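An overview of the molecular structure
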Amino acid sequence: MSRRTETPFWNPDTLQSLLPTRIVGRQLIVFNRITSTNDFLKRAARRGAATGSVVLADEQTAGRGRLQRPWQSPAGKGLWFSVLLRPQLAPEKLGMISLAVAAVVAEVFSKFCRQEFQVKWPNDVLFESRKVCGILCETQIVQDEIEAIIAGIGVNVSQQPQEFPGELRDRATSLEQICGHPVDRQHLLLELLAALEKNLFGNLRSKLVLLKAAWCSRCRDFGQHLTVTQAPMDKLKRITTGVFEGIGDSGELILRLSNGTLQFFSAGEITLAREGWSPSSP
Ligand code: BTN
């Protein structure tokens, strides 16, 4: 009886030889199929994996998004990878990291596709209100210090509309649909890793100031009347409505309430209050 063998899409040796980086991806682990690259890298981080380590998979069988949502990660259709950062950063600045990653990714996509991409608080990259990339940053803090940040990045590269589950179909898109032609996943991955190294390694504190400005310039929601839902998966969810005033120094969303006071949110989900519509949240 013959056993069907799968030819892995990602070849770690080829990738290593093409990497334009000195830190990011120098330790690279590649899977044909894995539960979640974030889960794998979290365990590796606890065992001392080096900063810049990357875990990449062609398919995730239990990919995770924010708020414990599943993240669809079919084989051959996207970039599903995680990068380990070990920054010297105060834990209260953590919220800035997913914004920073989103700003970097949106910039790479904009150059790659020659189209303008937007960001949505806290962790989405959008094109014309449809989500094309989600970012899941998870942290290990030891004695009040950041030990590791696992930045998980999921990019929809080549799905056709009918390939997204029904509930996501009009809220998600892929780079291939946006560009109108096939996208070379390897080329895109190398661009992303290079941009992540340039922007998120070495003197991160000052880079975060620039990345916050870059994020704000791609956000279309300022001045909008928004609803922020905290603990959206919970029966006890809290809903607050107000006008999106800005982003705090730690990446918090600042909402002006109807009584004029400002409220800061470090987690939650936003929807446009008037239309009751949200482009994020797969
Ligand atoms: C979100 O939008 O809620 C975040 C989605 C993050 C998905 C990526 S894919 C690679 C990494 N591994 C995971 O299990 N999740 C992240």
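It should be noted that the structure appears before, not after, this text.
Throughout what follows, the structure given in this document is the object of discussion. Bear in mind that the values here come from a model prediction, so they are computed numbers and not experimental data.

Now for the state of the cysteines. In total, this model carries 0 disulfides according to the counting rule given. Note on C216: no disulfide assigned, nearest cysteine sulfur contributed by C219 at a separation of 7.0 Å. Residue classification places C216 among the partly exposed positions, given a relative accessible area of 24%.

As summarised here, the arrangement of the 5 strands in space is β11-β10-β9-β8-β12, forming an open sheet in which the pairing is antiparallel. The outermost strands of the open sheet, each flanked by one partner alone, are β11 (262–265) and β12 (269–272). Taking the axes of each pair of neighbouring strands and ignoring which way they run, one obtains an average angle of 45° across the sheet. Across 4 bridges, the pairing between strand β9 (residues 238–247) and strand β10 (residues 253–256) is antiparallel. The residue bridging F244 from the neighbouring strand is L255, located in β10.

Where helix α5 (residues 185–200) meets helix α6 (residues 204–218), the axes come as close as 8 Å, and the angle between the chain directions of the two elements is 110°. One element, α5, and the other, α6, form an angle in the roughly perpendicular class. Here K198, N199 and L200 of α5 come into contact with α6, specifically with L204, K207 and L211. For the contact of α5 with α6, the per-class residue count stands at 3 nonpolar, 1 polar and 2 charged.

In this section: the packing of helix α3 (residues 95–113) against α6. Axes are the key here: two packed helices are described by the angle between their axes and the distance separating the axes. Two elements in contact, α3 and α6, have axes separated by 8 Å at closest approach and are oriented at 60°. Relative to α6, α3 is oriented oblique. Seen along the crossing, α3 lies across α6 with a hand that is left-handed. Residues M96, I97, L99, A100, A102, A103, V104, A106, E107 and S110 of α3 lie in contact with α6, whose contacting residues are L204, L208, L211, K212, A214, W215 and R218. Looking at the contact of α3 with α6 residue by residue, the class counts come to 13 nonpolar, 1 polar and 3 charged.

Thresholds applied
Residues numbered from 1 in each chain as written. Predicted model: local features only at pLDDT ≥ 70, side-chain atom pairs only at ≥ 80, totals over all residues. Heavy atoms only, no water. Disulfide = S-S within 2.5 Å. Buried < 20%, exposed > 50% of the residue type's maximum accessible area, 1.4 Å probe, protein only. Pairing = 2+ DSSP bridges. Helix = DSSP H or I, 4+ residues; strand = E, 2+ residues; numbered from the N terminus. Axes fitted to C-alpha atoms, helices over the stretch in contact; angles between N-to-C directions. Parallel < 35°, antiparallel > 145°, perpendicular 65-115°, else oblique. Contact = heavy atoms within 4.5 Å. Nonpolar A, V, L, I, M, F, W, Y, C, P; charged D, E, K, R; others polar. Left-handed = near helix turned anticlockwise from the far one by under 90°.

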